[in-house]
Amino acid sequence: LLLTTYYLLLTTYYLLLTTYYSVSKVLGLSSALTAGMILVGSINGGQASNLCTYIARGDVALSVLMTTVTTIGAIFMTPLISKLLLGAIVPVDAVGVAVSTVQVVLLPIVIGMLANAKFPKVVKKIEIFSPVVGVLCTCALVGSAVAQCAEPILAAGLTLQLAAAALHIAGGLAAYFACKPNYSETTCRTVAIETSMKSSAFGFLLAKLHFGMFLVRVPSAVSVVWMALVGSSMAVAFRFLPAPADE
């Protein structure tokens, strides 16, 4: 598990960032859109990856572990990348990014753990409603992000759509083939889904609050949609292509 986590962090914070930057340059995206692409690459994996892994008959426990690791990693890596890399491209409030990351990523984890430890009976009663609430909140976030960036999205045209699609597809492929020599097919599929699915709504929030240029948030708004499309497509494909019995 530790080695698998290492592969995930390697693909998330080095290989993918390099890929996203290269894709942005090849497609001729502006500096603001390029910064937005890299921002999406620097954030943690989305919780929807756990559901997609379940649909794909992957290793759900491993998926949850990797989501947790990248979520904790985002507390340090997202502000660091924003300061060192994105700060050289567009204006960014790195301290604000760090504060928001703690508020959005760390605090919910701490509150959830404390609530489960101190009030397990209450948590047990309300947890059955959590998936529905999560889906509704996600739909609201996606709709809000796309609506706020509708004009820039249309103005960017097909180029931005190709870049956003490539972001998630390249993430999945890079993770899958990086793990292939050393891991089972089930593990490779799990890591591929986890790496391709980013918490794009969180990226949109950071871009909106702490980046000086409006266009930085546009890739996150487009990524929200492509993340769901690519992740769910992978889940369905893997479900109907059973992994070899090599465990």
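The paragraphs below set out a description of the structure included in this document. Note that the coordinates shown come from a computational prediction; the quantities given were computed from them, not determined experimentally.

**Some points on the overall build of the protein**
Turning to step 1, where the next piece is worked out: What the protein contains, in helices and strands, is 11 helices and zero strands.
Turning to step 2, where the next piece is worked out: Ordered by position in the sequence, the α and β elements of the protein form the string α-α-α-α-α-α-α-α-α-α-α.
Turning to step 3, where the next piece is worked out: Every one of the 247 residues in the protein was classed for burial, and the buried ones make up 45%.
Turning to step 4, where the next piece is worked out: Expressed as a percentage of contacts within the protein between residues at least 6 apart in sequence, the contacts between residues at least 24 apart total 82%.

**Quick notes on the side chain of Glu-194**
Turning to step 1, where the next piece is worked out: With respect to the helices, strands and loops of the structure, Glu-194 is situated in helix H9 (residues 185-196).
Turning to step 2, where the next piece is worked out: Put simply, Glu-194 is tucked away with no salt bridge, and the nearest opposite charge, on Lys-198, sits 8.3 Å away.
Turning to step 3, where the next piece is worked out: Of the polar contacts made by the side chain of Glu-194, one reaches the side chain of Ser-63; its length is 3.1 Å.

**Describing the packing of helix H4 (residues 60-84) against helix H5 (residues 94-118)**
Turning to step 1, where the next piece is worked out: Two elements in contact, H4 and H5, have axes separated by 9 Å at closest approach and are oriented at 170°. The angle between H4 and H5 places the two elements in the roughly antiparallel class. Counting all contacts with H4, which are made through Thr-71, Ala-74, Ile-75, Thr-78, Pro-79, Ser-82 and Lys-83, the residues of H5 involved are Ala-94, Val-97, Ala-98, Thr-101, Val-102, Val-105, Leu-106 and Ile-109.
Turning to step 2, where the next piece is worked out: Per-class residue counts for the contact of H4 with H5 are 10 nonpolar, four polar and one charged.

**Digging into the side chain of His-210**
Turning to step 1, where the next piece is worked out: You can see His-210 is positioned in helix H10 (residues 200-210).
Turning to step 2, where the next piece is worked out: Beyond its immediate stretch of four places on either side in the chain, His-210 contacts Pro-91, Val-92, Asp-93, Gly-96, Val-97 and Ser-100.

**A short note on a nonpolar patch on the surface**
Turning to step 1, where the next piece is worked out: Taken together, Leu-51, Tyr-54, Ile-55, Val-60, Val-64, Val-236 and Phe-240 make up a surface patch of nonpolar side chains, about 670 Å² in accessible area.
Turning to step 2, where the next piece is worked out: Contributions of two or more residues to the nonpolar patch are made by helix H3 (48-55) and H4.
Turning to step 3, where the next piece is worked out: Here the element with the most residues in the nonpolar patch is H3; it accounts for three residues.
Turning to step 4, where the next piece is worked out: Here Ile-55 shows up in helix H3.
Turning to step 5, where the next piece is worked out: Overall, Ile-55 belongs to the partly exposed group, its relative accessible area being 31%.

**Remarks on the packing of aromatic side chains**
Pairs of aromatic rings are described using the distance from one ring centre to the other and the angle between the two planes.
Turning to step 1, where the next piece is worked out: Using the criterion set out here, one finds one aromatic pair in the structure.
Turning to step 2, where the next piece is worked out: An angle of 85° between the planes, with centres 5.2 Å apart, marks the rings of Tyr-176 and Phe-177 as edge-to-face.

**As for the state of the cysteines**
Turning to step 1, where the next piece is worked out: Scanning the model with the defined rule gives zero disulfides in all.
Turning to step 2, where the next piece is worked out: We note that Cys-188 lacks a disulfide partner, and the nearest cysteine sulfur, in Cys-179, lies 5.3 Å from it.

**Things to note about the nonpolar core**
Turning to step 1, where the next piece is worked out: Formed by 18 residues in total, the largest nonpolar core has its most connected members in Ile-193 and Met-234.
Turning to step 2, where the next piece is worked out: For this core, the elements supplying multiple residues, two or more each, are H4, helix H8 (150-179), H9 and helix H11 (218-239).
Turning to step 3, where the next piece is worked out: Ranked by residues supplied to this core, first place goes to H11 with five residues.
Turning to step 4, where the next piece is worked out: Those residues in contact with Ile-193 that lie beyond four places of it in its chain are Ser-49, Cys-52, Thr-53, Ala-56, Met-234, Ala-235 and Phe-238.
Turning to step 5, where the next piece is worked out: Among the nonpolar cores identified, the runner-up in size contains 16 residues, and Tyr-20, Ala-145, Ile-153 and Val-222 belong to it.

Parameters at a glance
Numbers given for residues are sequential positions, taken from 1 along each chain in its written order. Totals for whole chains, interfaces and linings use all residues, but because this is a predicted model, local features are given only for residues with pLDDT of at least 70 and pairs of side-chain atoms are given and counted only at 80 or more. Side-chain calculation: all heavy atoms of the structure are included, whereas hydrogens and water are not. Only DSSP runs of H or I with at least four residues qualify as helices, and only runs of E with at least two residues qualify as strands; both kinds are numbered from the N terminus onward. The buried label applies to any residue whose accessible area, calculated with a 1.4 Å probe on protein chains only, is under 20% of its type's maximum; exposed applies above 50%, and partly exposed to all values in between. In what follows, residue pairs with any heavy atoms lying within 4.5 Å of each other are defined as contacts. Counted as positive: Lys and Arg. Counted as negative: Asp and Glu, with His and the chain ends omitted from the count. When a carboxyl oxygen of Asp or Glu is within 4 Å of a side-chain nitrogen of Lys or Arg, the pair counts as a salt bridge. Two N or O atoms count as a polar contact when they lie within 3.5 Å, although within protein this holds only if one can serve as hydrogen donor and the other as acceptor, and sequence-adjacent residues are included solely when both atoms are side-chain atoms. Between N-to-C directions, angles span 0 to 180 degrees; the directions come from axes that are lines fitted to C-alpha atoms, helices contributing only their stretch in contact. Roughly parallel here means an angle under 35 degrees, roughly antiparallel means over 145, roughly perpendicular means 65 to 115, and every remaining angle is called oblique. Gly is put with the polar residues, along with every residue not named as nonpolar or charged; the nonpolar set is Ala, Val, Leu, Ile, Met, Phe, Trp, Tyr, Cys and Pro, and the charged set is Asp, Glu, Lys and Arg. Patch construction takes residues with relative accessible area above 30% that form no salt bridge. Like charges are linked within 9 Å, and nonpolar side chains (Val, Leu, Ile, Met, Phe, Trp, Tyr) are linked within 5 Å. Here the Shrake-Rupley method, with its probe set to 1.4 Å, supplies the accessible areas, and only the displayed protein chains count as covering residues. Ring pairs shown here join Phe, Tyr and Trp side chains whose ring centres sit within 6.5 Å, with only the six-membered ring taken for Trp; geometry is labelled stacked below 30 degrees between planes, edge-to-face above 60, and tilted in between. Cysteine sulfur pairs qualify as disulfides if the two atoms are within 2.5 Å. For our purposes a nonpolar core is just a set of buried Ala, Val, Leu, Ile, Met, Phe, Trp, Tyr and Cys residues, chained together by side-chain atoms within 4.5 Å.

Distances and angles like these do not, on their own, reveal function.
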